Amino acid sequence: MEWNWTFAFAILPHLLEGAKTTILATFLGFLIAIVLGLAMALGRRSQQPWIARAVGLCADFIRGTPLLVQLYVLFFVLPNMGVVLSPLVAGVIGLGLHNATYIAEVYRAGIESISRGQWEASKACNLGISQTWRHIIIPQAIPPMIPALANYLIAMFKETPLLSAITVYEIMGEALGAASRTYRYLEPVTMVGVFFLIISLVCAYFARVIEERVRIHQ
Amino acid sequence: MTNPIIRIKNISKSFGAVRVLDGLSIDVMPKERLALIGPSGSGKTTILRILMTLERINDGHIEIDGEQLYHMQRAGQLVPADEKHLAKARQKIGMVFQHFNLFPHKSVIDNITLAPIVTKGVAKPKAEKRAMELLDMVGLADKARSMPSALSGGQKQRVAIARALALQPEIMLFDEVTSALDPELVEEVLSVLWQLSTETDMTMLLVTHEMGFAHDFAHRVLFFDRGKIVEEGKPDDIFRQPKHERTQAFLKKILAAGHRI
Amino acid sequence: MIESLSLILKGLQTTLALTVFSLTLALGVSFLAGLGRLSKNSVVRATVIAYIEFFRGTSLFVQLFWAFYVLPFMGVELSPMQAAVLALGLNYGAYGAEVVRGSVNAIGRDQWEGCVALNLTPFQRLRHVIIPQAIVIMLPPFGNLAVTLLKSTAIASLIALPDLTYQAQLVRNQTGQTLLPFAIIMIIYFAVSTFIKSGIQIAERRLTIGADRAQPARSI
């Protein structure tokens, strides 16, 4: 099969339309993941042991099962319970929820990396719990988390093609749509690959720059 | 007249912009014991590391037993040595490190037998028998099956000495072998070195801050400062009547710190 | 109900086979590429870097579809299983290569120098001293990769490989039930991930007992 430039240009606008959805889904998913992740990290530190354990078990379960199946549950099972989500909403929630469990670990590691001496010194300075968090712990814990969070953002971006399985027309959905209409897979699938490769390489470059900055900053 | 076993000719070595060795030449005779002393950063450790091929030289030549160390003949020309040539040259040399460098995942006896078995093809029972003799010599026969983490610093260093000896080198390099030890453990390592000096006739190069031991151990003492040999001579001359003012200043500082000669 | 269960169990067999095959390929590739990344030969290094960046950069999903739908047009006809093993193995091999490289780099310089002083060849250094210590460091990240790989096998259902996820969809289509098939396969996936994780933990404990932790690298 020869590469057909005419066909490639013909589907390009569709793919770019899909790329917008891909990027939108990535960022919405990431937003959900960093908020839910924080909730999970705090839940795991709860004083109530049963809350901590329940949150931990849920997170383990989500992390131990495939994202694709979770998307199917959100998209096919929830409507039977009266909750109908649009494909994009279901996809973004699934993506965000799945990655929140990983991001919770990033928060946990960041918080635990702060030595006990900092808590004790805060106590010695007569800071309250919320003051300690706000002025001492969080400002120190966040910078080392940034590279890890950036990596999860990139990882989520590469997972978005899964959303095509629940009929979200992101870039892979558009490509597979074009392919099944014309029986030409070479151009659409290759173009999607190139799209991901370019964005990943650019992101990896920026991630390195950020990592360097953080290291210098410390 | 015998030839030197080590011939260092006009070598230089820089780390980035820092020149640690500057046009240095030393001849070492077979069976000779040399002590290299001097302030930290004077280049004495670097010489041992260069002889062990852990660092490359920027300039100059080294001969071990008449063979080029860093160069080899190819089509009548001297070219930089390849890994095969270096491996051959290294057979004659053993080294003991400041931080022991034992392999933490192998037992004491496996640390000692590894190189004889894999580099020389010695059969395992034979290698183990020899290892036990060496462990006996350093007083650790009962620790053969221990893991390095279960040993004290002094014991680790004695195992490291046995490990180096297992390859039967002609030249032994000792790089500040007691510097990482607690004071009460220094003696047990020095006594092994002393035993080697009285019972074998290996060529030995010793980098140390133990001036008293250097005095008794060495045939010849080299005082280093800033990458050059400032003064050399018999131990009695260097330690009792140093001629150069930098040697005098160095010894005075060391003595003030409580070291004895 | 029983028919549904037997469909799903068949899917489990396929999922396990796919996981084992692609994990084996990924492990082999990880070591090859991870050690190649540390090679002195710049051509080897550049090739390996290109491989790693390509497979980490283009999304597993795209690679799978490319292997299944595009390769046949180039004369390479792969079954769904072969395409999935190829895509998963090469994709996770690229991530694993970084694990191997990182673990080998984590072994202190003193260990390499000890090897040189004992005149071990470069291969002997790796085989007897560096890799045995690096493996202990590799185990936890490899365990995580193995669990992620297991989860990723679900996407092979999209190229009609009859794995757990595919069979659950089949049951859904045949019976109209939605919650039950998905709940069952999620529990199965979770059980297998837990099994992998505890297996790695046991191996880790075995390897750490007796073998000391690697000494931290010292600065010269």
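Above this text you will find the structure in question.
Keep in mind that this is a model prediction, so the values were computed, not measured.

Asks: Tell me about the interface of chain C and chain B, residues and numbers included.
Replies: Between chain C and chain B, the residue contacts involve 25 residues of the former and 28 residues of the latter. Surface buried jointly by chain C and chain B totals about 2,300 Å² across both partners, of which 58% is contributed by carbon and sulfur atoms. In this assembly, chain C and chain B are joined by three salt bridges. One salt bridge in this structure joins Arg49 of chain B and Glu113 of chain C, with 2.6 Å as the shortest N-O distance.

Asks: So what's going on with the packing of aromatic side chains? Residues and values would help.
Replies: Following the criterion strictly, the structure yields 22 aromatic pairs over all chains and no others. When the centroid spacing of 5.3 Å and the interplanar angle of 70 degrees are considered together, the rings of Phe75 of chain A and Phe76 of chain A count as edge-to-face. Each member of the pair, Phe75 of chain A as well as Phe76 of chain A, is classed as buried. Centroid distance Phe68 of chain C to Tyr69 of chain C: 5.0 Å. Interplanar angle 80 degrees. Geometry classified as edge-to-face. The exposure class of Tyr69 of chain C is partly exposed, given its relative accessible area of 22%. Three or more aromatic residues joined by ring pairs form one cluster here, namely Tyr185 of chain A together with Phe61, Phe65, Phe68 and Tyr69 of chain C. Against the face of Phe217 of chain B rests Arg33 of chain B, its NZ or CZ located 5.6 Å from the ring centre. The ring of Phe76 of chain A is capped by Arg172 of chain C, whose NZ or CZ atom sits 3.6 Å from the centre of that ring.

Asks: Give a description of the nonpolar core that names residues and reports values.
Replies: Core analysis: the biggest nonpolar cluster contains 113 residues, and Phe182 and Ile185 of chain C have the highest contact counts within it. Per-element tally for this core: the top contributor is helix α6 (residues 122-152) of chain C, with 13 residues. In this structure, Ile185 of chain C is in contact with Val69 of chain A together with Ile8, Leu164, Thr165 and Ala168 of chain C, ignoring residues within four places of it in sequence.

Asks: So what about the environment of Lys253 of chain B? Which residues, and what values?
Replies: Residue and element names in this part refer to chain B. Mapped onto the secondary structure, Lys253 falls in helix α9 (residues 245-256). The exposed category is assigned to Lys253, whose relative accessible area is 67%. A sequence separation of 135 residues divides Lys253 from Val118, and the C-alpha atoms of the two residues are 46 Å apart.

Asks: Explain the pattern of salt bridges to me, and be specific about the residues and the numbers.
Replies: Using the criterion set out here, one finds 32 salt bridges over all chains in the structure. Of the charged contacts in the structure, one is a salt bridge between Glu55 of chain B and Arg109 of chain C, with a shortest N-O distance of 3.7 Å. Highlighted residues: Glu55 of chain B in the loop between α1 (44-51) and β4 (59-64) and Arg109 of chain C in helix α5 (residues 109-117), drawn from two different chains. Residue Glu232 of chain B is joined to Arg220 of chain B by a salt bridge in which the shortest nitrogen-to-oxygen separation is 2.7 Å. Separated by twelve residues along the polypeptide, Glu232 of chain B in strand β12 (residues 228-233) and Arg220 of chain B in strand β11 (residues 220-225) bring together distant segments of the chain. Note on Glu232 of chain B: relative accessible area 43%, which makes it partly exposed. One connected set of salt bridges, linked through shared partners, spans Arg44, Asp60, Arg63, Glu105, Arg108 and Glu112 of chain A.

Asks: Requested: an account of helix α2 (residues 49-63) of chain A, with residues and values cited.
Replies: Residues and elements named next belong to chain A. Taking 1.5 Å as the rise per residue, α2 with 15 residues should run 21 Å; its terminal C-alpha atoms sit 21 Å apart, in good agreement. Of all the positions in α2, only Ala52, Gly56, Ala59, Ile62 and Arg63 are classed as buried. Mapping the buried residues of α2 onto a view down its axis gives an arc of 130 degrees, with all of them on the same face. When the buried face of α2 is taken as reference, the exposed residues oriented beyond 90 degrees from it are Trp50, Arg53 and Leu57.

Asks: Can you lay out the layout of surface pockets for me, pointing to particular residues and giving the numbers?
Replies: Computed from the structure, the second largest pocket encloses a volume of approximately 780 Å³. Every residue lining the second largest pocket is counted, 23 residues in all, and those nearest its centre are Leu38, Lys40, Trp112, Pro122 and Arg125 of chain C. Sorting the residues of the lining of the second largest pocket by element identifies α2 (83-90) of chain B together with α1 (2-36), α4 (80-106), α5 and α6 of chain C as the ones contributing at least two each. Of the residues forming the lining of the second largest pocket, the biggest block, four residues, is contributed by α5 of chain C.

Asks: How would you summarise the sheet that holds strand β10 (residues 203-207) of chain B if you had to cite specific residues and measurements?
Replies: All names here are of chain B. Ordered by their spatial adjacency, six strands build an open sheet running β8-β9-β10-β3-β11-β12, and the pairing between neighbours is mixed. With one partner strand each, in any of the chains shown, β8 (93-96) and β12 form the two edges of the open sheet. Averaged over all pairs of adjacent strands, the angle between their axes in this sheet comes to 20 degrees, without regard to strand direction. Bridge count for strand β9 (residues 171-175) against β10 is five bridges, and the pairing is parallel. Counted as the bridge partner of Ile171 is Thr203 from β10. Each of β8 and β9 touches helix α5 (residues 153-165); the most contacted strand, β8, lies at about 175 degrees to it. Strand contacts of helix α6 (residues 183-199): β3 (33-37), β9 and β10, with the helix running at about 155 degrees to β10, the strand carrying the most contacts.

Definitions and cut-offs
Residues numbered from 1 in each chain as written. Chains lettered and ligands numbered in written order. Predicted model: local features only at pLDDT ≥ 70, side-chain atom pairs only at ≥ 80, totals over all residues. Heavy atoms only, no water. Contact = heavy atoms within 4.5 Å. Buried area = accessible area lost by both parts, 1.4 Å probe. Salt bridge = Lys/Arg side-chain N within 4 Å of Asp/Glu carboxyl O. Phe/Tyr/Trp six-rings, centres within 6.5 Å; stacked < 30°, edge-to-face > 60°. Buried < 20%, exposed > 50% of the residue type's maximum accessible area, 1.4 Å probe, protein only. Lys NZ or Arg CZ within 6 Å of the ring centre and 35° of its normal. Core = buried A, V, L, I, M, F, W, Y, C linked by side-chain atoms within 4.5 Å. Helix = DSSP H or I, 4+ residues; strand = E, 2+ residues; numbered from the N terminus. Expected span 1.5 Å × (residues − 1). Arc of directions from axis to C-beta. 1 Å grid on protein atoms, 1.4 Å probe; cavity = no way out; pocket = protein on both sides within 12 Å on 5 of 7 lines; lining within 4 Å. Points joined across faces, edges and corners; volume = space filled by probe spheres on them. Pairing = 2+ DSSP bridges. Axes fitted to C-alpha atoms, helices over the stretch in contact; angles between N-to-C directions.

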